[in-house]
Amino acid sequence: MESILDFRLPANIYLQAAFWAGISALGLTLLVGLQIIALRMSMRRTQRREQALTLKWRPLLNAAIAGEELGNLPELPWRDRVLFIKLWLHLQQAVRGEASEGLNAIARRLGCDEHMRKLLVSGNRAERLLATLALGHMRDRESWPALARAVHAADSASSVHALWALVQTDAARAAYEMAPLLLRRDDWPLSQLGNILQNARSEWQPVLAEALSRTSPEELPPALRLVAALRIDLPQAQLQAYLDSPHVDVVLAALRLARSPHVIGQVRRHLESTDWRIRLQAVRALGELGDRSDVARLRTLLSDPEWWVRYRAAQALLALPFLTEAELAQLRDSSDRYAADMLTQVLAEKEAA
Amino acid sequence: MTPDSPLVQVITVCVLAYFILLNGGYLLLNFLAMFALRRRAQEAVLDELPQVYSALEPPISILVPAYNEEATIAASVRSMLQLSYSEMEVIVINDGSSDRTLQVLTDEFSLVPFPEAYRIQLETSPVRAIYRSTRFPNLRVIDKANGGKADSLNAGINAARYPLFCGVDADSILQRDSLQRLVRPFLGDPHMVASGGTVRIANGCEVRGGFLTRVGMPRSPWALFQVVEYLRAFLFGRLGWSVINGMLIISGAFGLFRKETVVAVGGYTPKSIGEDMELVVRMHRKLRARGIPYKIEFVPDPVCWTEAPEDRKQLRNQRIRWQRGLSESLSSNWGLMFSRHGGVAGWLAFPFFILFEWLGALVEMLGYLFMAVAWWQGWISWESFAIFLFVAVGLGILLSAFGLLLEEISFHLYQRPGQLLLLAAVVIAENFGYRQLNSWWRLVGLYRWARGGEAKWGVMTRKASWQRDIT
Amino acid sequence: MPETSILVIEDDEHIGQILTFILQRQGYQTTLAADGLAARKAIVSTDTPPSLVLLDVMLPYIDGFELVHIIREREAWKDVPIVMLTAKHTEKDIVRALDEGANDYVVKPFQPNELLARVRRHLKEQA
């Protein structure tokens, strides 16, 4: 057996290549190891700085929340600014009203608004998100153009939070400028939009209705579905027009919006639709709008071939406030097997809730 | 054969090329994963803020198939009920347990019979009864004849009321925000049909009331190897595939699906061993064949934890089972391979799995065998053999180290320096025996599948002792 | 005036500090519990209850609703006013909170002055 010092690289070029591949693998592994250690150390440093910053500034921020007048503020060095804003944001998300204004005042005194405006345009993606959130809380009108541009960006998270910032700053103006865009985008999470609009419904409702009326027929169904999911109310005439539309998708979405008694005639007509989804939505709407005369109609639908239609019909019947227990029991006993089963199930569900 | 004959040279080069391609492929996937992690990190500021709900998140039905889980089912279900989510229902499916699982559920949750108008969209073995809980209005229990996990999930799908369903293992340990994290891909993308994560090793961690409270490292060497293995292969490898929409596996331990899509492709295949993978591969195949735009995304966050086998026998059985499941999933979906509209799934992911995951065990073992024999017989010089070992082990170590780096960048669960050192040692040690042993087990699994033997699940003794109950 | 003590149960560290700050500023004595288990320990370990409990719904290990249940089961704590603090504002949770035995409900993000006013009112009613 030769000793290891006699190692000779084989003449075969592939084996040589493999050898060097192995060497570089080892080298890279070493680099990776060093990188891990470097990351750890930098994370530790950041954690310590964060703790020090929290100890120094949290009492002052809490005082601002409580509405106290703050005298001299300590110096906020440049490199601590981002950490400060993170802490500030966390507190901003927890409070509202005067407390929020107190936090805004202290941020402005420290020049954070200026800093955030710079980050909004020239920072990396994470910094831009941070700046967007901060400027939204500060209701910073000066950043309006930059934020408006961000709303049109392709990136889902950045754009939807820019919209949030605009709505915080000036809900009416945001509605006017952004409503059509809202109806077109399908990558903004519904829960996020719900958050954004919850305090701005009065400003957005009329503008969205108007934007909806100007939407093209192809884009109408998803836009209408969005409006329905957000529980925006449409003007009666507009809703009635949609309910009479020949397009199935438009009718489906419009039925979700049917909440007022004016449209009950159209809703009743849709109970006889050949499309089971329309029957389903009509039944659901009737549960909220129906009167005594609808009991018979809903009862027919208890025997519908589609499971979901039967289910919602049973729920609708139970939701009608004027049916007594005896009447319900009689309904159950005199219907066919499918209807009876469904009624029994829904009764049990109601009991459980 | 003579030393350095052309045949020997060719085979040697082939073997080396295989190892380089295998590890190189994984390295590439890890790079892709890094992009996804970078994007996540940029949005980290949003995660740290106190969450505000608006009740517009899609409602979810959680399906929990259970077979002989009397020791742990109560704690499991209770923790699922405590998941923070705006609207969800929990459906436990008792798959004909022979122990007291149903009784434990009845007592713990005050179950009463529920007259459900059961709707059969997917065929399953007979359902005996359906119960609801009087204490928790959103909990139902289905009692059915034994039919396997896939069958139970299908029964759960039949009873599920909501558009999304989440398949969870009864022994999965979740965190309160697990569901919120898993649903995220669905929020911003209407084409999303499935999202899943991978499980993390719960051995050595502190678990209370069914939730993970403190991350720790396992003591058992087998579990330690698995920790590194999961980081290297199951976590960032899959994240890489997800970036290019080629993810073929969603762990059955915690996965979220669009119910309508799953029913349309036929639900889970009963009697399948790897039903979780088989469903996903079938979804790729059928959706691509029909030209329906879709997306399946991987959520890398540590949201689901499970107990890993700590002794050789259990681990061996698990890996054999996995390989059989893999074989089944691939073989019943050949249509995806190089199919016309196959996309990344059909042209990259499927072939990759065939070559490196499925046949991989065979090639690896034959490779090792050949090189060892060739050296012993003097067909190749000892330098060649050394280079082979060098490359095989060296690349393996690099890959494991890279997995460790990605973990450090993204989640840094193991924060103490001692843990890091231990992991580093395991990263090296893993390649001197564990990986090879794994390949051997996978080869056995492949052989068993090819022979068509009966599936042996093996009984994994559930260690209820470390699941400390809070009462 | 006897010492008015308030038990604050909130898992978010920063929010817990805000609450402690504004309550102490009003002259109340505060105890802070950062999760469900610590809260339960604070509840079962003493027979002298605080004057008021301020309680977050989303807590690790034991959620707020269960804690209300635990509080109301203790004889000495039966009449202690409970104000719940939560990020969710769906009707279901409001109803559930009040059904379980809470006295009042404040939605996050909260207005500190409003919170203090409610606390004052419940303390006055109690006295």
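Everything below is about the structure printed above this text.
Since the structure is predicted, the reported quantities are computational estimates derived from the model, not experimental observations.

(A) Summary view of the overall build of chain A. When its secondary structure is counted, chain A shows 19 helices and 0 strands. The C-alpha radius of gyration computed for chain A amounts to 31 Å, which surpasses the reference 20 Å derived for 353 residues by more than 25%, pointing to a less compact arrangement than a globule. Viewed in the frame of its principal axes, chain A has a C-alpha envelope of about 95 × 80 × 45 Å. Expressed as a percentage of its 353 residues, the buried residues of chain A come to 53%. Charged side chains in chain A number 43 positive and 40 negative. The centres of these two groups are separated by 5 Å.

(B) Focus on the nonpolar core. In this structure, Ile62, Val92 and Phe257 of chain B are the most contacted members of the largest nonpolar core, which totals 157 residues. With 15 residues, the top contributor of residues to this core is helix H13 (residues 382-410) of chain B. If you look at the next biggest cluster of nonpolar residues, it comprises 140 residues, including Leu129, Val167 and Ala339 of chain A together with Ile22 of chain C.

(C) Fine view of helix H5 (residues 112-126) of chain C. Residues and elements named next belong to chain C. In this model H5 runs 21 Å from its N-terminal to its C-terminal C-alpha over 15 residues, within 8% of the 21 Å that 1.5 Å per residue would give. What H5 keeps buried is the set Pro112, Leu115, Leu116, Val119, His122 and Leu123. Here the buried residues of H5 occupy an arc of 130° about the axis, which is enough to place them on one side. Exposed positions of H5 whose direction lies more than 90 degrees from the buried face are Lys124 and Glu125.

(D) Here's a closer look at a nonpolar patch on the surface. Residues and elements named next belong to chain B. Taken together, the side chains of Leu362, Val363, Leu366, Leu369 and Val373 present a nonpolar region at the surface, about 380 Å² in accessible area. Within the secondary structure, Leu362 sits in helix H12 (residues 360-376). Relative accessible area serves as the criterion here: at 32%, Leu362 is assigned to the partly exposed category.

(E) Just the interface of chain A and chain C, in detail. Opposite the 19 residues of chain A that make contact, chain C presents 16 residues. Taking both sides of the interface into account, the surface hidden between chain A and chain C amounts to around 1500 Å²; carbon and sulfur atoms contribute 55%. Together, Arg58, Ala94 and Arg96 of chain A form the three largest contributors to the area buried by chain A at its contact with chain C, with a combined 36%. Here chain A and chain C share 3 salt bridges between them. Glu68 of chain A is paired through a salt bridge with Arg25 of chain C; the nearest N and O atoms lie 2.4 Å apart. At the boundary of chain A and chain C, one finds 8 residue pairs in polar contact (both at pLDDT 80 or more). Those elements that place two or more of their residues in the side of chain A that touches chain C are helix H1 (13-66), helix H2 (81-94) and helix H3 (98-109) of chain A.

(F) Summary view of the packing of H12 of chain B against helix H14 (residues 417-451) of chain B. Residue and element names in this part refer to chain B. Put simply, H12 and H14 touch, their axes get as near as 8 Å, and they point 125° apart. As the angle between them shows, H12 and H14 are arranged oblique. Between H12 and H14 the crossing geometry is left-handed. Across the interface between the two elements, Ala361, Leu362, Glu364, Met365 and Tyr368 of H12 pack against Gln436, Ser439, Trp440, Arg442, Leu443 and Leu446 of H14.

(G) Here's a closer look at the packing of aromatic side chains. The tally for this structure, following the rule as stated, stands at 32 aromatic pairs over all chains. Ring centres of Tyr18 of chain B and Phe19 of chain B lie 5.9 Å apart, and the angle between their planes is 90°; this geometry places the pair in the edge-to-face category. Residues Tyr18 of chain B and Phe19 of chain B agree in their burial class; the two are buried. Measuring from ring centre to ring centre gives 6.4 Å for Trp222 of chain B and Tyr434 of chain B, while their planes differ by 55°; the resulting arrangement is tilted. Placement of Trp222 of chain B in helix H7 (residues 221-243) and of Tyr434 of chain B in helix H14 is noted, with a sequence separation of 212 residues between them. A cation sits over an aromatic face here: Arg173 of chain A above Trp144 of chain A, 4.2 Å from the ring centre. Positioned above the aromatic ring of Tyr338 of chain A, the side-chain terminus of Arg337 of chain A is 5.1 Å from the ring centre.

The rules behind these values
Residues numbered from 1 in each chain as written. Chains lettered and ligands numbered in written order. Predicted model: local features only at pLDDT ≥ 70, side-chain atom pairs only at ≥ 80, totals over all residues. Heavy atoms only, no water. Helix = DSSP H or I, 4+ residues; strand = E, 2+ residues; numbered from the N terminus. Rg over C-alpha atoms; globule rule 2.2 N^0.38 Å. Buried < 20%, exposed > 50% of the residue type's maximum accessible area, 1.4 Å probe, protein only. Lys, Arg positive; Asp, Glu negative; His and termini not counted. Charge placed at Lys NZ, Arg CZ, Asp CG, Glu CD. Core = buried A, V, L, I, M, F, W, Y, C linked by side-chain atoms within 4.5 Å. Expected span 1.5 Å × (residues − 1). Arc of directions from axis to C-beta. Patch = residues over 30% accessible without salt bridge, like charges linked within 9 Å, V, L, I, M, F, W, Y side chains within 5 Å. Areas by Shrake-Rupley, 256 points an atom, 1.4 Å probe, with all protein chains shown as cover. Salt bridge = Lys/Arg side-chain N within 4 Å of Asp/Glu carboxyl O. Contact = heavy atoms within 4.5 Å. Buried area = accessible area lost by both parts, 1.4 Å probe. Polar contact = N/O pair within 3.5 Å; in protein donor to acceptor, adjacent residues only side chain to side chain. Axes fitted to C-alpha atoms, helices over the stretch in contact; angles between N-to-C directions. Parallel < 35°, antiparallel > 145°, perpendicular 65-115°, else oblique. Left-handed = near helix turned anticlockwise from the far one by under 90°. Phe/Tyr/Trp six-rings, centres within 6.5 Å; stacked < 30°, edge-to-face > 60°. Lys NZ or Arg CZ within 6 Å of the ring centre and 35° of its normal.

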